[in-house]
Amino acid sequence: MSLDSGSTDSTVGRQPRAVRGGWGFLTIATLSRAYLVLMLALGACATLPMLTGLTGSIVQSGSMEPLISTGDVVLSEPMEADTPPPLGRVVSFPAPAGSATAGTMLHRVVGANEDGSLITAGDANQSVDSSPLDRGDIISQAQLLIPWIGLPAFWLTTTAITPLVLWLILTAAAVIVVALDGAANPRPRRPRGRHFRPSRQGRGPRVAPAELAAVGVVATLIAVTLVAAPPTEVTAAFSASTTMAGSSWETAGPATQLAFTTAPSGSTGGVAWARQPVVAIQNAEGETASSTASVALTLTNPAGATLACAANPVAAVSGRASFAGCRIDRAGTYTLTARSGALPAALSATFTITTGPASKLVFTAQPGSTSVDTAFAVQPILAIQDAGGNTVSSTAAVTLGLTSAAGAGLTCTANPRAAVAGTATFAGCKITKPGNYSLTATSAGLTAAVSGSVAISAGPAARLVFTTSPSGSTGGRAFGTQPVVAVRDAGGNAVATTMPVTLAITTAAGATLACSANPATGTGTVAFVGCSIGRAGTYTLTASSGTLTAAVSASFTIAVGPATKLGFTSAPSTTRYNTTFDTQPAVAIQDAGGNTVASTAAVTLKLTTAAGATLYCTANPKAAASGVATYSGCRIDKAGSYTLTATSGVLTPAVSGSYTVTPGPAAKLAFSVNPGGSTGGVAFSGQPTVVVQDAGGNIATGTTPVTLSLTTANGATLTCTTNPVSPLSGAAAFAGCAVDRAGSYTLRAVSGNLTAATSASFTIATGPAARLVFVSSPGSTTSATTFGNTPTVTVQDAGGNAVTATGQATLALTNAAGATLACATNPAPSYVGWGFIFSGCSIDKAGTYTLTATAGTLTTVSPAFTVTPGAASKLVFVAAGSGGSVNQVWGTQPSVAIQDASGNVVASSASVTVRLTTPAGATLTCTSNPRAAVSGVATFAGCRVNRAGSYTLTATSGTLAAGVSPGFTIAP
């Protein structure tokens, strides 16, 4: 075509995209293509490897986050049977029975048990799965992870409509944008020769085949993914949850060691460290292992110090145990040792605890109890300490005061007292008033300290005195004035003590003293109540309490009182019916104390419970003679068991003992009351009664004792208060019957040739602790010498079965009689539940004794044993010369005992010499001087002095300590 023709012959090509569609559309089209390419790539990655034999699963829970998330596709391969356990790898396996959700689990293998089973856990869970995994239950081992591509399937199976619809809209929009962009910008064809094909007018945009192919492939791959990798239930662990280490396909090797990754910093005593220790659980390469094992910290060398932490042991989190609040009380240089199971211990770096600032006062020596205005036996010492209890070098002044003075005063040699090197030592401290006190120590800016209790007493108890003597009364009636006894010290001052005081008749002569409580206690003064004596006479009372000097009351008289009651002095004996009693009844008219009152009052007899029977006597009523009514010819007309009741006016009636009137000869036995069940050694709840019957079953008279026994003992023992028991009114009523061993039993009753009887069955169970038993009793020894056998006591139930011992037991002399028991251990704690052992026991006084052991409410008494005197050590006048006139033999001659150190008379025949302690020119003469002792006592005779004056005697014998007599006077 000619250029100058004025026309142009050309083909109009495609406009540039930026011109035709704009940059915005170009950006959207590019992002849409990228999105479709990503979907295509992910779909291909999720499906193509399945051609090599891998299997796919779509994750439906977050138990393996952050590595594996919901909607990811996991490709796994089956495991060979002989493949070792895949420790640290992710495997799939069926959910165990009982899991919250059924299906397939996808968790990591984190360990193995001793039995070969595997331990699994989700990476996001805080604890391992509750059920172990058998090696044969593993389905496959995870190999590849394709993220996100399974989300559409996950939304579809979980009916998550909203995200599924949004995804479909997004994908469809991307396809449309790509299609429109492809149609608007068709691929240009290369021109053939120099000619171009003119464009077609009137046809719409054309979609490029490549765009349609991409859409089809994406749709195909997503469909294949849904079929080949169906949504699989991969749930969280079926236990609790804590954060588990695991953000990679493999974990560190098994834990082999511990290491301090953070060492503790120093501090002051009792103050938490600024830098708290952290211990890592590591593998052999020093990598932190994924573990939740507990790690415990201890002081490597405590040297008396104490380590305290907010928690110890501490469970590791992701292999690290982080401690908090750790501190040490004592100043010093330390290291910590960390331990966890069988792993080797780890040692921390050395750190130092220094003494902190003064913060408190502490009594390092408690004040000891004493008497009024007497310096404490132990004087108080105060330490100035830091928060951890370390003494701080300080010279601060410390002040002592009574916590609650109650009118008393505290004085010390110096108060306040300046501390020396942090210690304030007080001296001469005492209190002016008796009582129980505590001391409070103060110092400016420091926490005060309060001591233990200090008892201030008036003085040791020494003797008893009657502050009120009893007045006279009549037999059995309480004294008009009741006795009051006080405890005094040696100077006669009242002593506030709770020692028990016992009253006794000084010379009983068959009489009995009765009081509401005896012994009785009080606080320094014991007021007795309800005391009386039954028998008429003149008496004094003696009050005693341990080693205190006894007191004797003034004399008082008990007279025969007015008639108040009747008493049988003779009761009828068993006989046949309608036959005169072999022993006829006699009834006395008595006062309240049981003394016979001279009276002629008439006394009437009757059957207490007649039950149709009649009592006949020669005379009834019967007039008393000198206070006693004696009956004759008495009989009863009907067989049975009876008692007689005697009456006389307003006097208290008397009831005789029970006796039997028999109907016929005895032929057999029968249980009228069967035994009830109980526990071992404890009396049956129902005690057996066996009746003697004649051939017709009537209660018959039987004199042959009835014996009970276990029908089948099986090693058990039957005990009764009395066995055999003689029948009374045809019935043998047993009491206190018990069986020691648990089991089911029957009793068999026999009596002479009578037909035996068998009881109903009853059960014995094991009972509670009921008694103490000496399994080792003290052997005989000398005074103040440790027993040869250590007293030992065990606890048993009532049947003798061993019961676990708890608490503690005490040992005491059953009847001290002035002696004192001393033991190294008393009270004694239980020995591993077996019993109580009292060690180092001895008694100071010679004599025969028993011991009483007490544990709670249980007591027991040992067999008797003897304590003999020790070696002779001193002389004591047991009788002093009475004195008299010049050259006149004394009415009372001196007698000297040879005693051991504890005051026991020693059986010795040593010679004893007596002399005037200070003769002053006088001469002592005796029939024999020296005098050989007999059984440890030298009794002199014919002793006199030739000059008037006041003297004492001195007794000597070899190396024994001399004895000095009381003073006596020789008149001109």
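Everything quoted here is computed from the prediction, not taken from an experiment.

K.L.:
Any chance you could explain the overall build of the chain here in plain terms?
P.N.:
The secondary structure content of the chain amounts to five helices and 88 strands. Sequence separation of 24 or more characterises 61% of the internal contacts of the chain that already satisfy a separation of 6 or more. Counting only carbon and sulfur atoms, one obtains 56% of the accessible surface of the chain, whose full area is about 46500 Å².

K.L.:
Please clarify how the packing of aromatic side chains should be interpreted in this entry.
P.N.:
Within a pair of aromatic rings, the relevant descriptors are the distance that separates the centres and the angle that separates the planes. Within the structure shown, the criterion is met by 11 aromatic pairs. Arranged with centres 6.2 Å apart and planes meeting at 40°, the rings of Tyr 745 and Phe 762 form a pair that is tilted. A residue pair is termed long-range when its members are at least 10 positions apart, and Tyr 745 in strand β61 (residues 743-745) and Phe 762 in strand β64 (residues 762-765) qualify at 17 residues. Looking at Tyr 745, the relative accessible area reads 5%, which means it is buried.

K.L.:
Explain the sheet that holds strand β31 (residues 461-468) here, please?
P.N.:
Through backbone hydrogen bonds, the strands of a sheet pair up, either in parallel or in antiparallel fashion. Strand order in the open sheet formed by three strands is β31-β33-β36, and the pairing between neighbours is antiparallel. Strand pairing shows two members of the sheet lacking a second neighbour, β31 and β36 (525-527), which therefore form its edges. Strand-to-strand, the axes of this sheet are offset by a mean angle of 20°, without reference to chain direction. Pairing of strand β33 (residues 484-489) with β36, which is carried by three bridges, proceeds in the antiparallel orientation. Bridge pairing in β36 links Val 484 to Ala 527.

K.L.:
Help me understand the environment of Asn 301, please; the structure alone is not making it clear to me.
P.N.:
One can find Asn 301 in the loop between β10 (294-299) and β11 (307-308). Asn 301 sits in the exposed class, given a relative accessible area of 59%. The spatial distance from the C-alpha of Asn 301 to the C-alpha of Thr 335 is 7.5 Å, given a sequence separation of 34 residues.

K.L.:
I would appreciate a short explanation of a nonpolar patch on the surface in the present structure.
P.N.:
Residues Val 775, Tyr 831, Val 832, Trp 834 and Ile 837 make up a contiguous nonpolar surface patch of roughly 530 Å² in combined accessible area. Assignment of secondary structure puts Ile 837 in strand β71 (residues 835-837).

K.L.:
Which parts of the structure should I look at to understand the sheet that holds strand β87 (residues 963-964)?
P.N.:
Judged by pairing direction, the sheet is antiparallel, and its four strands sit side by side in the order β82-β80-β86-β87 without closing on themselves. Where the open sheet ends on each side, the last strands, each with one partner, are β82 (931-932) and β87. Here strand β86 (residues 953-956) pairs with β87 via two bridges, running antiparallel. If you follow Ala 955 over to β87, its bridge partner there is Gly 963.

K.L.:
It is not clear to me how the pairing of strand β21 (residues 381-385) should be interpreted in this structure. Could you clarify?
P.N.:
A regular strand places its side chains on the two faces of the sheet in alternate fashion. Counting buried positions over the five residues of β21 gives four, a clear majority of the element. Judged from the five bridges that link them, strand β19 (residues 360-365) and β21 form a sheet pairing that is antiparallel. In the strand pairing of β21, Val 362 is matched with Ala 383. Relative to strand β25 (residues 423-425), β21 is paired through three bridges, and the arrangement is antiparallel. Paired with Ile 381 across the strands is Thr 425, a residue of β25.

K.L.:
Whenever I open this one, the environment of Gln 276 confuses me. Can you help?
P.N.:
Within the secondary structure, Gln 276 sits in the loop between β8 (267-268) and β9 (278-282). For the pair formed by Gln 276 and Gly 325, sequence separation is 49 residues and the distance between their alpha carbons is 7.3 Å. Gln 276 has contacts with Thr 262, Phe 323, Ala 324, Gly 325 and Cys 326, leaving out every residue within four places of it along the chain. A polar atom in the side chain of Gln 276 sits 2.8 Å from the backbone oxygen of Trp 273. A distance of 3.4 Å separates a polar side-chain atom of Gln 276 from the backbone nitrogen of Gly 325.

K.L.:
Could you clarify how one ought to interpret unusual backbone geometry in this entry?
P.N.:
Trans peptide bonds make up most of the peptide bonds, and negative phi angles are found at most residues other than glycine. With an omega of 5°, the peptide bond running from Asn 518 to Pro 519 counts as cis. Looking at the element boundaries, Pro 519 is found in the loop between β35 (513-514) and β36. Between Asn 826 and the following residue, Pro 827, the backbone shows a cis peptide bond with an omega angle of 5°. Even without being a glycine, Ser 729 presents a positive backbone phi close to 55°. As for its placement among the helices and strands, Ser 729 is situated in the loop between β58 (718-719) and β59 (731-733). Residue Ser 729 is classed as buried on the basis of its relative accessible area, which comes to 8%.

K.L.:
Just to check I follow, could you spell out the confidence of the model for the chain for this structure?
P.N.:
Reading fine detail from the predicted coordinates is not recommended where pLDDT is low. Taken as a whole, the chain shows an average pLDDT of 84; of its residues, 88% reach a score of 70 or greater. Considering only residues more than four positions removed or in separate chains, one finds that residues 191-208, a stretch of pLDDT under 50, has 11 contacts. Considering only residues more than four positions removed or in separate chains, one finds that residues 231-252, a stretch of pLDDT under 50, has 95 contacts.

K.L.:
What exactly am I supposed to notice about the state of the cysteines here?
P.N.:
Defined simply, a disulfide is a covalent bond joining two cysteines at their sulfur atoms. Scanning the entire structure with this criterion turns up seven disulfides. Between the sulfur atoms of Cys 515 and its disulfide mate Cys 531 the distance is 2.1 Å. Between Cys 515 and Cys 531 the sulfur-sulfur dihedral comes to about 115°; the bridge is accordingly right-handed. Of this pair, Cys 515 sits in the loop between β35 and β36 while Cys 531 sits in the loop between β36 and β37 (532-533), and the two are 16 residues apart along the sequence. Residue class for Cys 515 comes out buried when judged on its relative accessible area of 19%. In this model Cys 617 forms its disulfide with Cys 634; the gap between the sulfur atoms is 2.1 Å. Across the S-S bond of Cys 617 and Cys 634 the torsion is about 115°, and the bridge reads as right-handed. With Cys 617 in the loop between β46 (615-616) and β47 (622-623) and Cys 634 in the loop between β48 (628-630) and β49 (635-636), this residue pair connects regions lying 17 residues apart in the sequence. Looking at Cys 634, the relative accessible area reads 0%, which means it is buried.

K.L.:
I would appreciate a short explanation of the side chain of Ser 451 in the present structure.
P.N.:
When you line up the elements, Ser 451 lands in the loop between β29 (449-450) and β30 (454-457). Under the relative-accessibility criterion, Ser 451 is labelled buried at 8%.

K.L.:
What exactly am I supposed to notice about the pairing of β10 here?
P.N.:
Side chains Val 295, Leu 297 and Leu 299 of β10 all project onto a buried face; the interleaved residues Ser 294, Ala 296 and Thr 298 project onto a face where none is buried. Pairing analysis gives two bridges linking β10 to strand β12 (residues 314-315), with the strands arranged antiparallel. Among the inter-strand pairings, Ser 294 is bridged to a residue of β12, identified as Ala 315. Note: β10 against strand β16 (residues 336-340), four bridges, orientation antiparallel. Bridge pairing in β16 links Thr 298 to Thr 337.

K.L.:
Got a minute to help me understand the side chain of Ser 783 in this structure?
P.N.:
Assignment of secondary structure puts Ser 783 in the loop between β66 (781-782) and β67 (792-797). A polar contact is formed between the side chain of Ser 783 and the backbone nitrogen of Gly 870, at a distance of 3.5 Å. Beyond its immediate stretch of four places on either side in the chain, Ser 783 contacts Ile 843, Asp 844, Lys 845, Val 867, Thr 868, Pro 869, Gly 870, Asp 900, Ser 902 and Asn 904.

Rules of the game
Residues numbered from 1 in each chain as written. Predicted model: local features only at pLDDT ≥ 70, side-chain atom pairs only at ≥ 80, totals over all residues. Heavy atoms only, no water. Helix = DSSP H or I, 4+ residues; strand = E, 2+ residues; numbered from the N terminus. Contact = heavy atoms within 4.5 Å. Areas by Shrake-Rupley, 256 points an atom, 1.4 Å probe, with all protein chains shown as cover. Phe/Tyr/Trp six-rings, centres within 6.5 Å; stacked < 30°, edge-to-face > 60°. Buried < 20%, exposed > 50% of the residue type's maximum accessible area, 1.4 Å probe, protein only. Pairing = 2+ DSSP bridges. Axes fitted to C-alpha atoms, helices over the stretch in contact; angles between N-to-C directions. Patch = residues over 30% accessible without salt bridge, like charges linked within 9 Å, V, L, I, M, F, W, Y side chains within 5 Å. Salt bridge = Lys/Arg side-chain N within 4 Å of Asp/Glu carboxyl O. Polar contact = N/O pair within 3.5 Å; in protein donor to acceptor, adjacent residues only side chain to side chain. pLDDT = per-residue confidence, 0-100. Disulfide = S-S within 2.5 Å.

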